Structures are given as structure tokens and as C-alpha cells.
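The primary structure of each chain is shown beneath.
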Amino acid sequence: MPRPISATIDLAALRHNLAVVRRHAPHSRAFAVIKANAYGHGLDRAARTMRDADGFALLEIGPAVQLREAGYRQRIVLLEGFFDVRELPMLARHRIATVVHSREQLQMLRELAPAAVLDVLLKINTGMNRLGFNAAEVPAAVQALRSNPGVARITLMTHLATADEARGVAWQMTEFGRAAHGLKLPSSLANSAAILRYPETHFEWVRPGIMLYGCSPFADVVGSEIDLEPVMTLAGELIAIQNLKRGDTVGYGSMFAAERDMKIGVVACGYADGYPRHAPNGTPVAVDGRLAGTVGRVSMDMLCVDLSGVPDARVGSRVVLWGKGNPIENVAAAAGTVGYELMCALAPRVPVVEVGG
Ligand SMILES: *Cc1c(COP(=O)(O)O)cnc(C)c1O
């Protein structure tokens, strides 16, 4: 028997969540964001399941070309753009759109063959201060693109820093409006949080990521409360049970000490599977459908669970680390991180099981 740990990927849930995007942004088209191996869900699997998406967004040119070669015809965009002038012919040949965020990229674009057909998303820095042109630089950048015979469609784009937080989007929308004024170009602003909360950010193209995978982008809301279904469920089984006496400790560093006699279970899942090592005592775990909490330090291949609330648990009991029956948002919050990081960290050694195909 294989080690009892696996990630179930629910393809029907992925399709459902894409439909939720469409319901929230019915007048926009959507770039399904499949960067980071589709947030750990498998790029090919995610693309295949969302093959009727209006577009895909990712980072690397290799997988983008592979999608084209596999027959995907919709728009595909590289979210950080290109890094070397030698990538341009391949982008044009496969009609892969690129973000252009810097003067260096604009300069490289001058090497583009006049007959090339390159679609560009011009990235505007409206306050994130990572990538993009400031509002004052945008007219010249647009002029450079419009006068470049190799450049085809131009879309304006910016990224929102606080769509999931109290600060909201107005401060960046104002800056975007300033930059886009009079240009009459299609625009793309909204990530998942903005799709869900701010219809005024939707414009022509939205860019959903985390919500496709069923995780809420908001700290105070779990996916099921906004009709999202978890796509990834990381689950295993208890492989051992220990009866502790009061004062006994658990695991490396003795980070947990029993305050009374108690039973704990051992799960075949550790940080080498992608479970966060920093998860403290009490991080939620579902055992046979009941919520329990971790005890002791997560080790490379195992973690331990307090079975006080699950008296019938035995070796072989099903344990959900995150996903259906144990929202990833709650596990992430306990571990001081976000669902994004947990999903992306799913380790290659964890076998994947597809359902709902
Ligand atoms: C990752 C990313 C998104 C998706 O963000 P979510 O919060 O996962 O919806 C959208 N746009 C850009 C530029 C991104 O890098």
C-alpha cells in the first residue's frame, strides 16, 4: 500500500468556481490565472478543466507555448512579460500576449519584426509599486506601442493591493482613471477579491486566481460563504495512536505537553508534503469528520493530532488536513499564512487523485 496521504482535485468544483466568476462579472471576459502550477492544482489539469475560459494568465513562456501547441486558442498572457528580446519571436508566432511594465521592455519591443503580431497588456503602477508605468508615463508608453507595427491589441492593466482589505480599491481606481483617461483602450484590473467586492473594477477583462480554486481571498470569510467549492483536499489517515500520560510531550522540541492523560493520532503528512511547519498546536484538522487540532511540532513526514474529541478514532481513520470538511482558510489563519501559500506548497511527492472529471 502507498503511504496514506493524497490530494484530491475536484474538477467539478473548479468548473463551478469558474461559473461563480462569470456570475459576478457577467459583462467581462476572464483570464483564468494558472500561474504557480495553477496554484498547486496542476497546470494542464486546470487548463483542461477550464478549456472554455476566455483566456489564461501565467508566468512562464514554456507552458504558454505548450498550451498553444495542445490546441488552446483563447488568449494567453504572461503576467510578468518577457525577460529577453529573444523571446519575442516565439510570443508573436504563438500569439501569446505579454505584459509590458518597463521601459526596458518597451525598448526591446523595438526589435520586433514589423510583421509580428504581438498583443500587449500595458501595466500601470497605481500604488502597488512593484511593476508598471506611473500615470504620467502612460501616454508615451501607449504612443510607443501604437506606433510599433509589430504590436497588435493593447489592453491597459493594473494590479490591486488592498481589494481584500479595508483600504479597498478607490485609491487605485482614481490613479488608474488618471492614467487611462482618453486612451479608449480595454482594461483589466480585478483579481478575485475585486471580482467579488467591487463591480466597478471589472471592465473588459477580470483576472481570477484564488477563487477558482475555491479559497476565499478575504481573511474574515471562508469560500463556502461566498458559494466557492474547495478544489484541493489534502487528506490522509491515522497511521498510529499514542496514549499519553499527563506530562508526556510530543515530537521534536517537546512543543506540546499533555495536561492530562490523552490520546493522540499520528498522520502521515509533514512539511515535506507541503504542510506548514509553523502550524502551532491547535491548527484545525478533521478526523472522521470531526474537527480536532494538531499537537507538537510538524515534522518532515508526520504530524500529530489531539483525539480527545474523537474517541472512536483508530488507525486508518480519515484525516483532512485541508479542503472539504476543513476549510483551508482556517488552517492558513492558524498557521499565520494564506490559503494561496498552502496550495502552492503542495509537494510533488503527494499523489494526486482527480475526481469530478
Ligand atoms: C496572481 C495574480 C492575479 C490573481 O490574483 P488572485 O488574488 O489569486 O485572484 C491577478 N492578477 C495578477 C497580475 C496576478 O499576479
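From a predicted model like this one, the values you see are computed outputs, not experimental measurements. Numbering of residues begins from 1 in every chain and follows the order in which that chain's sequence is written. Local features in this predicted model are restricted to residues whose pLDDT is 70 or higher, and side-chain atom pairs enter the listing and the counts only when it is 80 or higher, whereas totals over whole chains, interfaces and linings include all residues. Neither water nor hydrogens contribute to the side-chain values; these are computed over all heavy atoms in the structure.

**Student:** What is the right way to look at the overall build of the protein in this model?
**Tutor:** Helix and strand assignments follow DSSP, with helices taken as H or I runs no shorter than four residues and strands as E runs no shorter than two, numbered in order from the N terminus. Looking only at helices and strands, one finds 11 helices and 18 strands in the protein. Each principal axis of the C-alpha atoms in the protein carries an extent, and together these give about 75 × 40 × 35 Å. In the protein, buried positions account for 54% of the 357 residues. Across the protein, the fraction of contacts at a sequence separation of at least 24, relative to all contacts at a separation of at least 6, is 65%. The accessible surface values rely on the Shrake-Rupley method and a 1.4 Å probe; as for residues, cover is taken only from the protein chains in view. As displayed, the protein offers around 16000 Å² of accessible surface, 52% of which is attributable to carbon and sulfur atoms. Buried, partly exposed and exposed residues are distinguished by accessible area as a fraction of the type maximum, computed with a 1.4 Å probe on protein chains only: under 20%, between the cut-offs, and over 50%, respectively. For this analysis, residues touch if any pair of their heavy atoms sits within 4.5 Å.

**Student:** Would you mind going over the site of the ligand with me for this structure?
**Tutor:** For each residue, the test is whether any non-hydrogen atom lies within 4 Å of the molecule or strand; if one does, the residue is near. Near the ligand you find 13 residues, and of these Lys-35, Tyr-39, Ser-192, Ile-210 and Tyr-340 are the closest. Two N or O atoms count as a polar contact when they lie within 3.5 Å, although within protein this holds only if one can serve as hydrogen donor and the other as acceptor, and sequence-adjacent residues are included solely when both atoms are side-chain atoms. Within the contact set of the ligand, an oxygen atom lies 2.9 Å away from a backbone nitrogen or oxygen of Gly-209. The fraction of the free accessible surface of the ligand (390 Å²) that becomes covered by protein chains is 91%. Each residue is assigned to one of three groups, with Ala, Val, Leu, Ile, Met, Phe, Trp, Tyr, Cys and Pro labelled nonpolar, Asp, Glu, Lys and Arg labelled charged, and all others, Gly among them, labelled polar. Of the residues contributing to the shell around the ligand, the split by class is 7 nonpolar, 4 polar and 2 charged.

**Student:** What exactly am I supposed to notice about the packing of aromatic side chains here?
**Tutor:** Aromatic ring pairs: the centre-centre distance and the angle between the two ring planes describe each pair. Classification of ring pairs uses Phe, Tyr and Trp, with its six-membered ring standing for Trp, and accepts pairs whose centres are within 6.5 Å; under 30 degrees between planes counts as stacked, over 60 as edge-to-face, and the remaining range as tilted. For the structure shown, the criterion picks out 6 aromatic pairs. Ring geometry for Tyr-39 against Tyr-213: centres 4.8 Å apart, planes inclined by 25°, an arrangement best described as stacked. On the criterion of sequence distance, the pair formed by Tyr-39 in helix α2 (residues 35-39) and Tyr-213 in the loop between β9 (205-206) and β10 (232-244) is long-range, its members being 174 residues apart. Taken individually, Tyr-39 and Tyr-213 each receive the classification buried, so the pair is uniform in this respect. With a centroid separation of 6.1 Å and an interplanar angle of 50°, the aromatic rings of Phe-176 and Phe-203 are classed as tilted. Of the two residues, Phe-176 is situated in helix α8 (residues 170-180) and Phe-203 in the loop between α9 (192-197) and β9; the sequence distance between them amounts to 27 residues. By relative accessible area, which is 3% here, Phe-176 ends up buried. Against the face of Trp-171 rests Arg-167, its NZ or CZ located 3.5 Å from the ring centre. Across from the ring centre of Phe-218, 3.7 Å away, lies the NZ or CZ of Arg-197, which sits over that ring. In this scheme, the term charge over a ring applies when either NZ of a lysine or CZ of an arginine sits within 6 Å of the ring centre and within 35 degrees of the ring normal.

**Student:** Help me understand the environment of Val-352 in this model?
**Tutor:** Inspection of the secondary structure assignment puts Val-352 in strand β18 (residues 352-355). Given a relative accessible area of 34%, Val-352 falls into the partly exposed group. Sequence separation between Val-352 and Arg-297 is 55 residues, and the spatial gap between their C-alpha atoms is 25 Å. Once residues lying within four places of it in the same chain are set aside, the contact partners of Val-352 are Ala-7, Ile-9 and Arg-45.

**Student:** Just to check I follow, could you spell out helix α7 (residues 138-146) for this structure?
**Tutor:** The α-helix winds at 3.6 residues per turn, so residues separated by three or four positions along the chain end up facing the same way. Regarding α7, the residues found buried are Val-138, Ala-141, Val-142 and Leu-145. Buried residues of α7, viewed axially, fall in a sector of 100°; they line one side. Packing partners of the buried residues in α7 comprise α6 (103-109), β6 (118-123), β7 (151-157) and α8. Each C-beta atom gives one direction from the helix axis, and the arc is the one those directions make.

**Student:** Can you walk me through the domain arrangement of the protein in this structure?
**Tutor:** A common measure of how large an interface is: the accessible area buried when the components associate. How far each domain reaches was decided by an automatic or database domain assignment. Each assigned domain of the protein is listed with its residue range as follows: domain 1 (11-220) and domain 2 (232-355). Taken over C-alpha atoms, the centre of domain 1 sits 37 Å from the centre of domain 2. Of the residues lining the interface, 14 residues belong to domain 1; the matching set on domain 2 comes to 11 residues. Summing both sides of the interface, domain 1 and domain 2 together bury roughly 1100 Å²; the carbon and sulfur share of this comes to 60%. The term salt bridge refers to a pairing of a side-chain nitrogen on Lys or Arg with a carboxyl oxygen on Asp or Glu at a separation within 4 Å. There are 2 salt bridges connecting domain 1 and domain 2. At the level of elements, α1 (11-24), α2 and α3 (43-49) are the ones that each hand at least two residues to the side of domain 1 that touches domain 2. Residues belonging to the side of domain 1 that touches domain 2 are distributed by class as follows: 8 nonpolar, 4 polar and 2 charged. Accessible-area loss on putting two parts together, using a 1.4 Å probe and summing over both, is the definition of buried area adopted here.

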